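Below are the chains, spelled out letter by letter.
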Amino acid sequence: MRRTIGLAAATLLFCAGCSSMGVEPWERDILAKDEMQLTTDEIEAATDDHIYFSKEASSGGRGFGGGGCGCN
Amino acid sequence: MSRKENRSISAALAAATCTLLGSGVPAPVDAQEEPLWDFNTSLLYYGEDDDRVKDYSVSAIARRMFVDDRYLTLGLTVDGLTGATPSGAIRQDVPQTFTRPSGNAAYTVPAGVLPLDDTFKDTRVALSAGWQQPVGETSLINVGASASKEYDYTHFGVNAKFARDFNQRNTTLSAGFAYSFDSLDPVGGAPTPLTPMLDVGDTSNRTGNPDKDVLDIIFGVTQVISRNLVVQANYSYSMSDGYLTDPYKVLSLVDASGDTLPQTLTPGPSHQYLFESRPDERTKHSIYGQAKYFMNGKVLDASYRYMTDDWEIDSHTVDLHYRIPFGADSYFEPHLRFYTQSEAEFYQLSIPDSQPLPSFASADYRLGDFDAITAGLKYGWRTRNDNEMSVRVEAYRQTGSVPAGQIIGNQAGRDNYPDLNAIIVQVGYRF
Amino acid sequence: MSKFWFFKVILVAWVLTASPIALTAPPAGDALDIAEYGGKVVVLDFWASWCVPCRRSFPWLNTMHQKYAQDGLVIIGINVDQEPGDAAEFLRAYPAQFMISYDNNGVVAREYDVQGMPSSFVIGRDGQMKARHLGFKVKRQDEYEAAIVAALQQEKVE
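Owing to the predicted nature of the structure, the values given are computational and were not obtained by experimental measurement. (Residues numbered from 1 in each chain as written. Chains lettered and ligands numbered in written order. Predicted model: local features only at pLDDT ≥ 70, side-chain atom pairs only at ≥ 80, totals over all residues.)

Remarks on the overall build of chain C
Along chain C, the regular secondary structure elements total 5 helices and 5 strands. Within chain C, the fraction of its 158 residues that count as buried is 43%. In chain C, the share of contacts with a sequence separation of at least 24, taken over all contacts with a separation of at least 6, comes to 67%. (Helix = DSSP H or I, 4+ residues; strand = E, 2+ residues; numbered from the N terminus. Buried ≥ 20, exposed ≤ 12 C-beta atoms within 10 Å, placed from the backbone. Contact = placed C-beta atoms within 7 Å.)

This is how it looks when you write it as structure tokens:
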């Protein structure tokens, strides 16, 4: 468990330093597409979460926010 | 490159001249209005084989947009569940009679058949509501509540999440929590753990309505890597507190040869079964990573999750979706998911009579050591009235095993672990 | 024949500055090389077919054009779509009464250091940058309009 937390912390710290990575604001055409969102279909994701929560011992994990068109 | 741009700017300037000289014709002011409401609906069928669980479900999510990227989301799901589920008792070479969880009747399972408890006809209604709005220039907040009800289970929950963008919105840091307060009202009352299954009508070892709380916290980072690739990494922490036992599941009490001990007190169940017992606390940690990669119109969605908890369950999940456009208005999306988990520390196939009772024990296959694979295909298309429809068909298969050290005597020859085979069919319509 | 005069000015400006685009801004972003718009207020609005707030900004830009074109407002919608046809599809649904120009490779966007989509820059009658706004919020339309009006009310500095 300590190893998991260590790994998670390292990943988050690494990514927080990702200030040089990415695209310009006008280059987000592909990222803005529906099929490029992290959750493409909310109901499908909720259905799968519910089925696997009922039949397995693990659940969730999926996050939210980020990607997309980056507008406003 | 530069000449082409020069031409287009020049052409624009020329056009501007035309407009300024009054030779242009003004276009109508009315533009297409953005639709305020967005609906996502689905019909789902989930069916396990061998007379096991079948679920029919209708879901709808309605989203209403308010000025400047504010959203109200309302969700409703209605499920109808039927079918039977393994009770935790093991097969025997003789018929077995059990008392139903309600305590009102008994049922008999033929020799050699895996005992299934079919007290599983239920309707569940689940509601959710959420509000999302921007905060300042670079942040987003989402707050919500959820509730669900079925005859023996009630859930209430609240949740909130916050996300903030950095690096020209290439990086997003997010944090969220969900708190649930659930209460159980098991048919017949919750049995005292590790006490025997009694005769029909005898509820002396039953207590009232237990409850449990669950707190989930998630931290995440999303990073745009390139024009075609976005990735996300999350860490989740979950803490469950309260009644975590399944009130309907039992374990067979077995003798030295691994056979279930017959019940000597009559009337009552044919053999001795003890109600299961789980700890009243569970802490889970998960890390999750996801990537979405666009290559020439096709999108690969790949994710991995590792979960570990203080019940000593470890799991790995790999989930892959590959969307392939088909023509201008439709797509195919194959799906493959691999899952593996190790058994809970207190998982055991049966309880040997010769040893002192453990503190916790469960034969629930869902806490055992198994691998699962899902393979499916989704087909989606744009309808004539410019809405979206989709159909997906998936097959889910679980195959598990009981740790060798737990198999006693005659149990060795039998198929002890209830494998699961299910099909999932879902039809979706978004408009 | 003022149309041809425009082309000559652009060509000369391009050759002299050795810059690919007639509309340029030095890194400081103050003075602009839009001599042909001398005396006019120019609004440069960077938009894309995939930019959802642009569906709301276009009707508003049309209104601005109708109200203030006779006072010397020039709106140029600079499209940054990389896929051909996407811009045309957007314009069919949300027609523009103002000028549209195409910056498929983001050269102008880079010159203006666009920080987010959509982005709008108000350039005064004297060629100086007067205001810029990031994103388009319906609730701030009055604020955006006030910036344009303020720029229009300024006398051109000779």
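A closer look at the overall build of chain A
The helix and strand inventory of chain A stands at 2 helices and 0 strands. Out of the 72 residues in chain A, the part that is buried amounts to 46%.

With respect to the sheet that holds strand E5 (residues 129-134) of chain C
All names here are of chain C. The sheet built from 5 strands is open, its strands ordered E3-E2-E1-E4-E5 with mixed pairing. Each edge of the open sheet is held by one strand with a lone partner, namely strand E3 (99-102) and E5. Each strand axis lies, on average, 20° off the axis of its neighbour in the sheet, ignoring direction. Looking at chain direction, strand E2 (residues 73-79) and E3 are connected through 4 bridges and run parallel. Bridging across to E3, Asn79 finds its partner in Tyr102. On the sheet, helix H2 (residues 54-68) packs against strand E1 (41-47) and E2 and is oriented at approximately 155° with respect to E2. (Pairing = 2+ DSSP bridges. Axes fitted to C-alpha atoms, helices over the stretch in contact; angles between N-to-C directions.)

A few points about unusual backbone geometry
Residue Pro118 of chain C is reached from Met117 of chain C by a cis peptide bond, and omega for that bond is -10°. Looking at the element boundaries, Pro118 of chain C is found in the loop between helix H4 (107-111) and strand E4 (119-123). In this model, Asp69 of chain B sits at a positive phi of 65°, which is unusual for a non-glycine residue. Within the secondary structure, Asp69 of chain B sits in the loop between strand E2 (54-66) and strand E3 (70-82). The class for Asp69 of chain B is partly exposed, based on 18 C-beta atoms found within 10 Å. With a phi close to 50°, Asn296 of chain B is a non-glycine residue in the positive phi region. By secondary structure assignment, the location of Asn296 of chain B is in the loop between strand E18 (281-295) and strand E19 (298-309).

Some details on the sheet that holds strand E16 (residues 250-254) of chain B
Residue and element names in this part refer to chain B. One open sheet accounts for 3 strands, arranged E17-E16-E22; its pairing is mixed. Both outer strands of the open sheet, strand E17 (273-275) and strand E22 (351-352), are each paired with one neighbouring strand and no more. The sheet contact formed by E16 and E22 spans 2 bridges and is parallel. Pairing of Leu253 across the sheet is with Ile351, part of E22.

Examining the nonpolar core
Across soluble globular proteins, nonpolar side chains have a tendency to be buried as a group. All names here are of chain C. Residues Val41, Leu44, Phe46 and Ile75 are the most contacted members of the largest nonpolar core, which totals 51 residues. It is E1 that provides the largest number of residues to this core, a total of 6 residues. When sequence neighbours within four positions are dropped, the list of residues in contact with Leu44 reads Ile76, Ile78, Tyr112, Ser120, Phe121 and Ile123. (Core = buried A, V, L, I, M, F, W, Y, C linked by C-beta atoms within 7 Å.)

Details of the interface of chain B and chain A
If you look at the interface, chain B gives 62 residues, while chain A gives 41 residues. No other element matches strand E14 (residues 211-226) of chain B, which puts 10 residues into the side of chain B that touches chain A.

Concerning the environment of Pro352 of chain B
Residue and element names in this part refer to chain B. Among the structural elements, Pro352 can be located in strand E22. Residue Pro352 is classed as partly exposed on the basis of its C-beta count, with 18 C-beta atoms lying within 10 Å. Here the alpha-carbon distance between Pro352 and Gln406, two residues 54 residues apart in the chain, equals 9.6 Å. With residues near it in sequence (within four places) discarded, Pro352 still touches Val254 and Ile408.

What about the pairing of E2 of chain B?
Residues and elements named next belong to chain B. Relative to E2, strand E1 (residues 37-48) runs antiparallel, the two being bridged by 11 bridges. When the sheet's bridge partners are listed, Tyr46 is paired in E2 with Asp55. Between E1 and the antiparallel strand that follows it, E2, lie 5 residues; Asp50 among them carries a positive phi value of about 60°. Both E2 and E3 contribute to a ladder of 13 bridges, which runs antiparallel.

Concerning the interface of chain A and chain C
The extent of an interface is frequently quoted as the accessible surface area lost upon association of the parts. In this complex, chain A contributes 11 residues to the contact, which on the side of chain C involves 20 residues. Per-class residue counts for the side of chain A that touches chain C are 5 nonpolar, 2 polar and 4 charged. (Nonpolar A, V, L, I, M, F, W, Y, C, P; charged D, E, K, R; others polar.)

Some details on H2 of chain C
Its 15 residues place the ends of H2 of chain C 20 Å apart at the C-alpha level, agreeing with the 21 Å of an ideal helix rising 1.5 Å per residue. Buried-residue contacts for H2 of chain C involve E1, E2 and helix H5 (141-153) of chain C. (Expected span 1.5 Å × (residues − 1).)

Considering the packing of H2 of chain C against H5 of chain C
Residues and elements named next belong to chain C. At a closest axis distance of 12 Å, the pairing of H2 and H5 adopts a crossing angle of 30°. Between H2 and H5, the angle is such that the two are roughly parallel. The two elements H2 and H5 meet at a crossing, and its hand is right-handed. Here Trp60, Met64 and Tyr68 of H2 come into contact with H5, specifically with Gln141, Glu145, Ile148 and Leu152. (Parallel < 35°, antiparallel > 145°, perpendicular 65-115°, else oblique. Left-handed = near helix turned anticlockwise from the far one by under 90°.)

Section: the pairing of strand E9 (residues 139-150) of chain B
All names here are of chain B. Examined bridge by bridge, strand E8 (residues 122-135) and E9 share 11 bridges and lie antiparallel to one another. For Leu127, the partnering residue across the bridge sits in E9 and is Ala147. Following E8, the chain reverses through 3 residues before pairing antiparallel with E9; Gly136 in that reversal takes a positive phi of roughly 65°. The sheet contact formed by E9 and strand E10 (residues 153-166) spans 12 bridges and is antiparallel. Pairing of Lys149 across the sheet is with Thr154, part of E10. Here E9 folds back onto E10, and the loop between the two strands holds 2 residues.

Overview of the environment of Asp415 of chain B
Residues and elements named next belong to chain B. Assignment of secondary structure puts Asp415 in the loop between strand E24 (388-401) and strand E25 (420-430). The exposure class of Asp415 is exposed, given the 9 C-beta atoms found within 10 Å. It is 14 Å that separates the C-alpha atoms of Asp415 and Gly368, two residues lying 47 residues apart in sequence.

Description of the confidence of the model for chain C
Residue and element names in this part refer to chain C. Averaged over every residue, the pLDDT of chain C is 81; residues scoring 70 or more account for 75%. Considering only residues more than four positions removed or in separate chains, one finds that residues 16-33, a stretch of pLDDT under 50, has 37 contacts. Scored as a complex, the prediction yields pTM 0.85 and ipTM 0.88. (pLDDT = per-residue confidence, 0-100.)

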